[in-house]
Every structure is written in C-alpha cells, then in structure tokens.
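What the coordinates show
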Amino acid sequence: MADINLLDNSASDKPGYALAGAGIAVKILIGVLLLVVLYYGYLRLQSSRTQKAIDDLRVQTAQAESEALTRTERGEVVTRQGQLQSLDGLIKDHFYWSGLLPELARVTLKSASYASLQAMSTGTLNLDVIVPSYADADKYLQVFDLPQFNEQFSDVKVLSISKVQSGSTVATQLKIQLRFNPEFIKKKLQ
Amino acid sequence: MAVFMNQPHKSAQNSILEIVALIVVIVLVGWFFVKPQMTTLSERKALLVQARTDYQNVEQEKSALAQLSAKLKSSGADITLIDEALPLQNRPTHLEVLLDSLITASGMKIVDMDFQPSEDAEVVAGDKTTLENVYGTNRKLTTTDLALTISGSIEQFRNFLQLVETNGRIVDVTSMDMVNEEGNPVFKIKLKAYSYVP
C-alpha cells in the first residue's frame, strides 16, 4: 500500500523557519550571557585593582603623616604659631591709656583739679573734682553738653557735692561718675 | 508516522524553553552578580578619590611644615621679639623687674608692687618636663595680675603709661586710681601681663 501523505506540502516549511529563528535567538542569548559573565569578570578585576590602589595610598598617607609628626622642628613651629595667634588677639585689645589723661585735661575747666581719679577699662570713670565754687561746679558739668568736648565722654552722674578744706580756702568737691569710650583707649595715638 | 508528525512541535517547544531559560539566567546573573559588583566598584572609586585627596592634603601640610621650619630657622630676631611680647614662662619676678625699670625710666617711685596669684598657683620654675622638651608640651595663654602703687607727677605718670604701652612685652593696665593728696599724686594701677605656658 502506498504511503498517503495527508499533510499539505507547503506547511512543512514553516516549522523549519521557526526552528532556525529560535536557534539563532538561542545562540544570541548564549553570546549575551557570555558577555555578561565576561563583564562581571572585568568588574571584579577593576574592583580588586582599585582596592589595592586605595590600600597603597592609605599606607603612603600614614607614612607621610608619621614623618610630619616626628619632624624635630614641629613642636617649635606649633608653639610659635600659637604665640602669634595669641598676640594678634592681645594687640587688638591692647589699651593705650596715655591718651585718656590729655583728653580729660582738655575737657576740664581750668579752675578745676582732681583729688582722685578711678578709671576702668570697661569705660567707667570716677572723679573727685575740686572747684572753687558751686558756679564752677555747674560750669564743669556744662562742658560735657558741648559736642566739641563730649566726643569721648558721656553720661555724667553726680554722686555727691560737698564743701572741703583746700589749703586755706573752702572749696567745692564734686564726686562724679561718667562713661568714656572704651574704644578710645584701644586706639593708639600718634 | 505519528512520530514524524510530533517532532517539529516538540523542538519548537524546547527552543522556546531554552530561550526563556537563557533570558532568566541572564537577568539573574545581571541582578545578583553584575549589579552588586558595579555598586562595589563605584564605591571603591569614590574611596580612591578620597584617598588621593587625603594624601595630597597630607603632602601639602608636610610641605608647609618644611617651609615653616626653614622660615623659623632664618627668623631669629623676630622670634626674640615674639618671646619678649609673649614669653614662654610666667615668672612674676621677671615682670616685676621689667616694671621696676619702666617706673625708674619715667622718673616715678615705687610705693608698692603686689603680685596676685590665681587660686591654683602655677609652677614658674623647675618644671623638668618642660625644661627637657621646651616645645613638646601643649601651651595656652595665661594672665598674671599685678597691683602697682607709684608716686610722681601727672606728667611722669603719663610717661610711665606710654612706656608700658610701647614696651616689648604686652602688658595691659586694666584700671587706674589716682589720689592727689596735697599735690603729691599717688597712682594705684592694676595690670595684666600675658604668657604662653604649658
């Protein structure tokens, strides 16, 4: 009996193309997988080299630090730097009192003299002023209202007024407290 | 015959399975192996940059230290001035000798000079640790307080103040108190001197 081929002849070509396509796809995917594995290997190698470079640099850094710390002059360099930094601050806040007395003399009435003077770097000045009379005491205080005289002095308070024996005469003693500009004694006079 | 009819179908199925399996393997390898390794490499590269920066910084500091050391060796006169302005010792007698000379130079007379130690009196001589290694200890700015009573004229006092202000050592007058008794002024001054000691 002859074989009967019930299948359509043209239908036999389609599975062939599909299989061939699948085969190509498989080969491509295998290639991709190989590339992925190779890339992974490359990453591992780079990672290892980078870590070695980091370790080498850290060793060199530690060596350089050690050399700097054990350098014989380091102690003196650090000490001198500390001195200079401290000096900068001290010089900025250094007081120049010698200018205060002439400025006080400039604003003082000619008929007045000082029995005592107390000055503090915070800007407080306590004075015992001796003047011939109450009128002179008033004039002494009025001076501090004039702009040309109160540039460095302000806020005058009278603590007491009394009569005192001054040689053979009776004078008026004025105890006052006033403020002077603290920046004035930090400014070096020429 | 039936065998010949089923073979192409099974091969197509196998190929599809292979493709799917390969895709899954590629994705898994990529996710669990390649991605973490990429992250590791990225982190290490950042660490490498940091390590290079740290090394450069240390090298720069080492170079700066070498330059400062050389400059120090050639600045003897300046060092002397610095030591005069801010001494590395805080002996009050050293300060008193200085003030005595300034008072004499201004024409005034000493009535009294009173050193005022802090609550914890500091070592001012015989510190063997510091003597063996002068620059090896950490130092800080310290102050010495002194009360001075001197007599003389206002003009002499002004001269004295100017000498204190322009003197090589930094000494600050923190308060002044003048009492003028029968034309003989007496001045009480509080002073602060500074030193840089361990």
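The following paragraphs examine the structure supplied in this document. Please read these numbers as outputs of a predicted model, since none were measured by experiment. One numbering rule holds for all chains: residues counted from 1, following each sequence as written. Think of it this way: whatever chain is written first is A, whatever ligand is written first is 1, and the rest follow in order. Per-residue local features are limited, in this predicted model, to residues with pLDDT of at least 70; the limit for side-chain atom pairs, both in listing and counting, is 80 or more; totals at the level of whole chains, interfaces and linings are taken over all residues. Values reported for side chains reflect all heavy atoms of the structure, with hydrogen atoms and water molecules removed beforehand.

1. Notes on the overall build of chain A
The condition is simple: Strands are runs of DSSP state E lasting at least two residues, helices are runs of H or I lasting at least four, and both sets are numbered from the N terminus onward. Based on C-alpha atoms, the radius of gyration is set beside the globule rule, defined as 2.2 Å times the residue count to the power 0.38. Each residue gets one of three labels from its accessible area relative to the maximum for its type: buried under 20%, exposed over 50%, partly exposed in between, using a 1.4 Å probe on protein chains only. Should any heavy atoms of two residues lie within 4.5 Å, those residues are counted as being in contact. To be clear on the numbers: accessible area is Shrake-Rupley with a 1.4 Å probe, and residue cover counts the displayed protein chains and nothing else. The charge count includes Lys and Arg as positive and Asp and Glu as negative, but it does not include His or the ends of the chains. Charge positions are represented by NZ for Lys, CZ for Arg, CG for Asp and CD for Glu.
A count of helical and extended segments in chain A gives 4 helices and 4 strands. The helix and strand sequence of chain A, counted from the amino end, reads α-α-α-β-β-α-β-β. Taken over the C-alpha trace, chain A has a radius of gyration of 49 Å; the compact-globule value for 190 residues is 16 Å, which it surpasses by more than 25%. Reported as C-alpha extents along the three principal axes, the dimensions of chain A are approximately 170 × 55 × 30 Å. Per-residue burial for chain A yields a buried fraction of 36% across its 190 residues. Long-range contacts, defined as pairs at least 24 residues apart, comprise 59% of the intrachain contacts of chain A with a sequence gap of at least 6. Summed over its atoms, the accessible surface of chain A is roughly 11,700 Å², and 57% of this surface lies on carbon and sulfur atoms. Chain A carries 20 positive and 19 negative side-chain charges, and their two centres are separated by 6 Å.

2. What to know about the pairing of strand 2 (residues 124-131) of chain A
Put simply, side chains in a regular strand alternate between the two faces of the sheet. All names here are of chain A. Threshold: Pairing between strands is defined by DSSP: at least two bridges between the two strands are required.
Within strand 2, 8 of the 8 residues are buried, which leaves it mostly tucked inside the rest of the structure. Side chains Thr 124, Asn 126, Asp 128 and Ile 130 of strand 2 all project onto a buried face; the interleaved residues Leu 125, Leu 127, Val 129 and Val 131 project onto the opposite face, where all are buried too. The sheet contact formed by strand 1 (residues 113-120) and strand 2 spans 7 bridges and is antiparallel. Of the residues in strand 2, the one forming a bridge with Ser 113 is Ile 130. Following strand 1, the chain reverses through 3 residues before pairing antiparallel with strand 2; Gly 123 in that reversal takes a positive phi of roughly 105°.

3. Considerations on the packing of aromatic side chains
As a reminder, the rule being used: Any two of the Phe, Tyr and Trp rings considered here, Trp counted by its six-membered ring, make a pair once their centres fall within 6.5 Å; the pair's planes then place it as stacked at under 30 degrees, edge-to-face at over 60, or tilted in between. Charge over a ring is defined by NZ of Lys or CZ of Arg lying within 6 Å of the ring centre and within 35 degrees of the ring normal.
As enumerated under the stated definition, the model contains 8 aromatic pairs over all chains in all. Measuring from centroid to centroid gives 5.7 Å for A:Tyr40 and B:Phe33, while their planes differ by 85°, and the two rings are edge-to-face. Note that A:Tyr40 is positioned in helix 1 (residues 13-69) and B:Phe33 in helix 1 (residues 2-73), a pairing that runs across two chains. Both rings, one in A:Tyr114 and one in A:Tyr140, keep their centres 6.4 Å apart while their planes meet at 75°; by these two values the pair is edge-to-face. Pair noted here: A:Tyr114 is in strand 1 and A:Tyr140 is in helix 4 (residues 134-142), with a separation of 26 residues, a long-range link. A:Tyr140 carries the same exposure label as A:Tyr114, and that label is buried. By way of ring pairs, the aromatic residues A:Tyr114, A:Tyr140, A:Phe144 and A:Phe153 are connected into one cluster. Above the plane of the ring of A:Tyr134 lies A:Lys163, whose end atom (NZ or CZ) is 4.3 Å from the centre. Here the guanidinium or amino end of B:Lys35 rests over the ring plane of B:Trp31, the centre of that ring lying 5.0 Å away.

4. Section: the pairing of strand 3 (residues 171-181) of chain B
Note: strand 1 of chain A against strand 3 of chain B, 5 bridges, orientation antiparallel. Across the sheet, residue A:Gln118 finds its bridge partner in strand 3 of chain B, namely B:Asp177. When strand 3 of chain B meets strand 4 (residues 184-197) of chain B, the two strands line up antiparallel, connected through 10 bridges. Residue B:Asp177 lies in a different strand from strand 4 of chain B, and its bridge partner there is B:Lys188. Taken together, strand 3 of chain B and the strand that follows it, strand 4 of chain B, pair antiparallel across an intervening segment of 2 residues, in which B:Glu182 is found at a positive phi of about 55°.

5. Section: the sheet that holds strand 4 of chain B
How we decide: Note on geometry: axes are lines fitted to C-alpha atoms, helical ones only across the stretch in contact, with angles between N-to-C directions running from 0 to 180 degrees.
The 8 strands lie next to each other as 3(A)-4(A)-2(A)-1(A)-3(B)-4(B)-2(B)-1(B), forming an open sheet whose pairing is antiparallel. Two strands bound the open sheet, and with one partner strand each, they are strand 3 (153-166) of chain A together with strand 1 (109-116) of chain B. Shown here is a sheet whose adjacent strand axes are inclined to one another by a mean of 15°, direction ignored. Pairing geometry for strand 3 of chain A and strand 4 (residues 169-180) of chain A, over 11 bridges, is antiparallel. Looking across to strand 4 of chain A, one finds that A:Ser154 is bridged to A:Arg179. The sheet contacts of helix 2 (residues 74-92) of chain A involve strand 2 (140-151) and strand 4 of chain B, and relative to strand 4 of chain B the element is tilted by about 145°.

6. Concerning helix 5 (residues 154-166) of chain B
This is how the line gets drawn: An expected span of 1.5 Å times one less than the residue number is assigned to each helix. The directions from the helix axis to the C-beta atoms are what the arc is built from.
An ideal rise of 1.5 Å per residue puts 18 Å on 13 residues; helix 5 of chain B measures up with 18 Å between its terminal C-alpha atoms. Of the positions making up helix 5 of chain B, those classed as buried are B:Phe157, B:Phe160, B:Leu161, B:Val164 and B:Glu165. One face of helix 5 of chain B carries all of its buried residues, which in axial projection span an arc of 135°. Against helix 3 (100-107) of chain A together with helix 3 (92-106), strand 2, strand 3 and strand 4 of chain B lie the buried residues of helix 5 of chain B.

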